[in-house]
Amino acid sequence: MHLISRPLPGMLVLQTEPRGDHRGYFSRCFCRTEFAQWGIEAAVAQANLSFSERARTLRGLHYQVGPSEETKVVTCLQGTLHDVVLDLRPDSPRFGEHAVVELSGTNRRLLIIPPGCAHGFMTLKDGTLVLYMVSSAYDPARERAVRWNDPGFAISWPDEPRVISPRDAAIPDFDPGQHLAA
C-alpha cells in the first residue's frame with residue numbers, strides 16, 4: 001500500500017498494490033505494521049459488508065462516541081461510491097469540515113477514518129459492495145449520526161438520494177450537546 005493523501009488530520013487515502021498473474025490478483029487491505037508507519041494504531045474488532053442494490057443509495061453519516069469511538073478502514077469491492085468523512089472532533093482545527101473520496105472496485109483505494117469522524121456514502125452504481133473494518137464493536141447506546149443534508153455542514157453530494165433509510169432521513173439538525181455527548 002502507498003499513501004495518496006491526508007485530506008483531514010488522521011484520515012488517510014491509500015492505494016492498494018495488487019500483485020497479479022494469470023489467475024487474477026492478491027492485495028492487502030489491512031496491515032497493522034504498515035498502518036503503524038503512518039501513525040494509525042488500529043485493531044479490527046469487527047468487519048462488515050454493505051451491499052446496495054441501487055445507485056444513489058445513501059448510508060450515513062454514522063459514528064460512535066466515548067469509549068466506543070472507532071477507527072474505520074473502508075474499501076469498495078464492487079461498484080463505485082462517493083464517500084464522505086466529516087470531522088466532528090471538538091479539538092480538531094478542521095472541525096465541521098468534510099472530505100470526499102471516490103472508492104470503486106476498479107481504483108482499489110482504501111480509506112482510513114479516524115475516531116471522532118462521521119462517515120457516510122452514496123453509491124454511484126447499482127450493485128455496490130463495501131467492506132469496512134472497525135476498531136470497536138457496534139455499540140447502539142453510543143451510536144450517533146449526522147443527516148446527509150444538514151445545513152450546518154454543506155456537504156457536497158453528486159445527487160439527491162434515491163434510496164435512504166427512514167432513520168437516516170429523520171436525523172435532526174446537528175446539536176453538539178446531543179451529537180457529541182458520550
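Everything numeric in this text was worked out from a predicted model, so none of it was measured.

Glancing now at the pattern of salt bridges. Taken as a whole and assessed by the stated rule, the structure comprises nine salt bridges. Between Lys72 and Glu70 there is a salt bridge, with the nearest N and O atoms lying 3.9 Å from each other. Residue Glu143 pairs with Arg167 through a salt bridge whose shortest N-O separation is 2.6 Å. Here Arg167 lies in helix α2 (residues 166-169) and Glu143 lies in strand β13 (residues 143-145), a separation of 24 residues in the sequence.

Taking a probe equal in size to a water molecule and rolling it over the atoms shows the remaining empty space. One number sums up the size of the largest pocket: a volume of about 430 Å³. At the level of elements, β5 (46-52), β6 (57-64), β11 (117-123), β12 (128-134) and β14 (163-164) are the ones that each hand at least two residues to the lining of the largest pocket. Top contributing element to the lining of the largest pocket by residue count: β6, with seven residues. For the lining of the largest pocket, the per-class residue count stands at 10 nonpolar, 11 polar and five charged. One number sums up the size of the second largest pocket: a volume of about 170 Å³.

Before going further, it helps to spend a moment on the side chain of Asp168. With respect to the helices and strands, Asp168 occurs in helix α2. Arg167 provides the closest opposite charge to the buried, salt-bridge-free Asp168, at an N-O distance of 5.1 Å. Excluding its chain neighbours within four sequence positions, the residues that come into contact with Asp168 are Leu58, Arg59, Gly60, His62 and Arg147.

Once that is clear, we can look at the sheet that holds strand β1 (residues 2-5). Sheet strands line up and pair through hydrogen bonds in the backbone, either parallel or antiparallel. Across the sheet, six strands lie side by side as β1-β2-β10-β7-β12-β5; this open sheet has antiparallel pairing. One side of each edge strand has no neighbouring strand; the edge strands of this open sheet are β1 and β5. Between one strand axis and the next, the sheet turns through 25° on average, direction left out of account. Taken together, the four bridges between strand β7 (residues 72-78) and strand β10 (residues 109-113) define a ladder with antiparallel strand orientation. Of the residues in β10, the one forming a bridge with Val74 is Leu111.

For the rest of this paragraph, the subject is the environment of Val163. Position of Val163 relative to the elements: it lies in strand β14. The class of Val163 is partly exposed, set by a relative accessible area of 31%. When the C-alpha atoms of Val163 and Phe51 are compared, they prove to be 13 Å apart, with 112 residues separating the residues in sequence. Sequence-distant contacts of Val163, that is, excluding residues within four places in its chain, are made with Arg54, Arg56, Thr57 and Leu58.

Rules used in this analysis
Position numbers for residues count from 1 along each chain, tracking the sequence in the order it is written. Reporting in this predicted model follows two pLDDT cut-offs: at least 70 for local features of residues, and 80 or more for side-chain atom pairs to be given and counted; totals over whole chains, interfaces and linings ignore these cut-offs and use all residues. Each side-chain value is worked out from all heavy atoms of the structure, with water and hydrogens disregarded. Take a side-chain nitrogen of Lys or Arg and a carboxyl oxygen of Asp or Glu: if they are within 4 Å of each other, that pair is a salt bridge. In DSSP terms, a helix is any run of H or I states spanning at least four residues, a strand is any run of E spanning at least two, and both are numbered starting from the N terminus. The method works on a 1 Å grid over the protein atoms by themselves. A cavity is a set of points holding a 1.4 Å probe that cannot get out, a pocket is an open set with protein on both sides within 12 Å along at least five of seven lines, and residues with an atom within 4 Å of a point line them. Grid points are joined across faces, edges and corners, and a volume is the space filled by probe spheres set on the points. Here the nonpolar group is Ala, Val, Leu, Ile, Met, Phe, Trp, Tyr, Cys and Pro; Asp, Glu, Lys and Arg are the charged ones; every other residue, Gly included, is treated as polar. Burial classes: relative accessible area under 20% of the type maximum marks a residue as buried, over 50% as exposed, and values in between as partly exposed (1.4 Å probe, protein chains only). His residues and chain termini do not enter the charge count, which takes Lys and Arg as positive and Asp and Glu as negative. Whether two residues touch is decided by their heavy atoms; if any such pair falls within 4.5 Å, the residues are in contact. For two strands to be treated as a pair, DSSP must find at least two bridges joining them. Every angle, taken between N-to-C directions, lies between 0 and 180 degrees, and every axis is a line fitted to C-alpha atoms, over only the stretch in contact when it is a helix.

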